Amino acid sequence: KSVRFEMKENDIAYIRVSRFGDDTEKEFKNAVQETLAKKAKGLVIDLRNNPGGFLDTAVALASTALPSGKTVVIEEDSEGKRKEIKSRGGDSLSSLPTVILINQGSASASEILAGALRDNRDNVTLIGKKSFGKGSVQELISVSSDTAVKITVARWLTPSGKQIHNVGIVPDIEVGLSSEDLEQKRDPQLDKALEELKKSIK
């Protein structure tokens, strides 16, 4: 499964998304239903080590957490022409204070989702380490019957116009995770997320 849901203390919902695959949109919507059914007062979306996947899935997930018609991502071609991809409606999370966890392994669709939520909402905080920086759009072009070339045809920008490629998304609060933390089964990034949400829960 690409999505895992659990409730944490202080009525905080935790949704971990490990990739953006075929099943992710349906699983995420199930997790959103659980979040609402449990009357969560805050939300953690964990995108750490999520390498990305389908753009369409990132737009679908963003649409559950943004009002309809908000820019999710901008596609900029080599001539500087920009196309905005918008949220499609179905928002049920935007009123919930939200922390998104990212790290060096969060790439592509993960960065699009993190950037979309932070740029469009005042109640979203990014915690962790700077993301990978994979924001290029590539097409496979056939050259001959058994040869193809992959060409970069565009780049992704966040809704505020910031480059993702080779730059990454910088968290609002930087928190590392050491090998010692892993050995001791500690998660200071998640701890910080829960601490920040506790402050914003009335």
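Rules behind the numbers
- Residues numbered from 1 in each chain as written.
- Predicted model: local features only at pLDDT ≥ 70, side-chain atom pairs only at ≥ 80, totals over all residues.
- Heavy atoms only, no water.
- Helix = DSSP H or I, 4+ residues; strand = E, 2+ residues; numbered from the N terminus.
- Buried < 20%, exposed > 50% of the residue type's maximum accessible area, 1.4 Å probe, protein only.
- Contact = heavy atoms within 4.5 Å.
- Areas by Shrake-Rupley, 256 points an atom, 1.4 Å probe, with all protein chains shown as cover.
- Lys, Arg positive; Asp, Glu negative; His and termini not counted.
- Charge placed at Lys NZ, Arg CZ, Asp CG, Glu CD.
- Expected span 1.5 Å × (residues − 1).
- Arc of directions from axis to C-beta.
- Polar contact = N/O pair within 3.5 Å; in protein donor to acceptor, adjacent residues only side chain to side chain.
- Axes fitted to C-alpha atoms, helices over the stretch in contact; angles between N-to-C directions.
- Parallel < 35°, antiparallel > 145°, perpendicular 65-115°, else oblique.
- Left-handed = near helix turned anticlockwise from the far one by under 90°.
- Nonpolar A, V, L, I, M, F, W, Y, C, P; charged D, E, K, R; others polar.
- Pairing = 2+ DSSP bridges.

Colleague: Any chance you could explain the overall build of the protein here in plain terms?
Modeller: When you go through the protein residue by residue, the secondary structure sums to 5 helices and 10 strands. Reported as C-alpha extents along the three principal axes, the dimensions of the protein are approximately 60 × 40 × 30 Å. Sorting the 202 residues of the protein into buried and exposed places 46% on the buried side. Long-range contacts, defined as pairs at least 24 residues apart, comprise 71% of the intrachain contacts of the protein with a sequence gap of at least 6. Of the accessible surface of the protein, which amounts to about 10,200 Å², a share of 47% is contributed by carbon and sulfur atoms. Computed over 31 positive and 30 negative side-chain charges, the separation of the two mean positions in the protein equals 3 Å.

Colleague: For this particular structure, what's the right way to read helix α1 (residues 24–37)?
Modeller: Note on helix geometry: an α-helix contains 3.6 residues per turn, so any two residues three or four positions apart are oriented the same way. Between the first and last C-alpha of α1 there are 20 Å, a value that for 14 residues agrees with the 20 Å anticipated at 1.5 Å per step. Taken together, the buried positions of α1 are occupied by T24, E27, F28, A31, V32 and T35. An end-on view of α1 places all buried positions within 145° of arc, on one side of the element. Away from its buried face, by an angle of more than 90 degrees, α1 presents the exposed residues K26, Q33 and A37. Just downstream of α1 lies K39, where phi reads positive at about 55°.

Colleague: What exactly am I supposed to notice about the environment of T158 here?
Modeller: Note that T158 resides in the loop between β9 (147–157) and β10 (173–174). Considering only alpha carbons, one finds T158 and E9, 149 residues apart in sequence, at a separation of 32 Å. Every residue in contact with T158, bar those within four places of it in the chain, is listed here: I74, G115, D119, I164 and I169. Polar contacts involving the side chain of T158 include one to the side chain of D119, which spans 3.0 Å.

Colleague: Mind showing me how you'd approach the packing of α1 against helix α2 (residues 55–63) here?
Modeller: Each pair of packed helices can be summarised by the angle the axes make with each other and by the distance between the axes. For the pair α1 and α2, the least separation of the axes is 9 Å and the interaxial angle reads 15°. In this view, α1 runs roughly parallel relative to α2, as classed from their interaxial angle. The way α1 lies across α2 gives a crossing that is right-handed. Contacts between α1 and α2 involve T24, E25 and F28 on the former and, on the latter, T57, A60 and L61. Among the residues forming the contact of α1 with α2, the class breakdown is 3 nonpolar, 2 polar and 1 charged.

Colleague: What's the story with the packing of α2 against helix α3 (residues 109–120) in this structure? I'm lost.
Modeller: At a minimum axis distance of 9 Å, the contact between α2 and α3 shows a crossing angle of 25°. As judged from the angle between their axes, α2 and α3 are roughly parallel. In the packing of α2 onto α3, the handedness of the crossing is right-handed. Along the contact surface, α2 presents L55, A58, L61 and A62, while α3 presents A109, I112, L113 and L117. When its residues are assigned to classes, the contact of α2 with α3 shows 8 nonpolar, no polar and no charged.

Colleague: For this particular structure, what's the right way to read the pairing of β9?
Modeller: Within a regular strand, side chains alternate between the sheet's two faces. When strand β4 (residues 71–77) meets β9, the two strands line up antiparallel, connected through 4 bridges. By the bridge assignment, E76 is partnered in β9 with R155. Taken together, the 8 bridges between strand β8 (residues 136–144) and β9 define a ladder with antiparallel strand orientation. Paired with V137 across the two strands is A154, which belongs to β9. From the end of β8 to the start of β9, which pair antiparallel, there are 2 residues.

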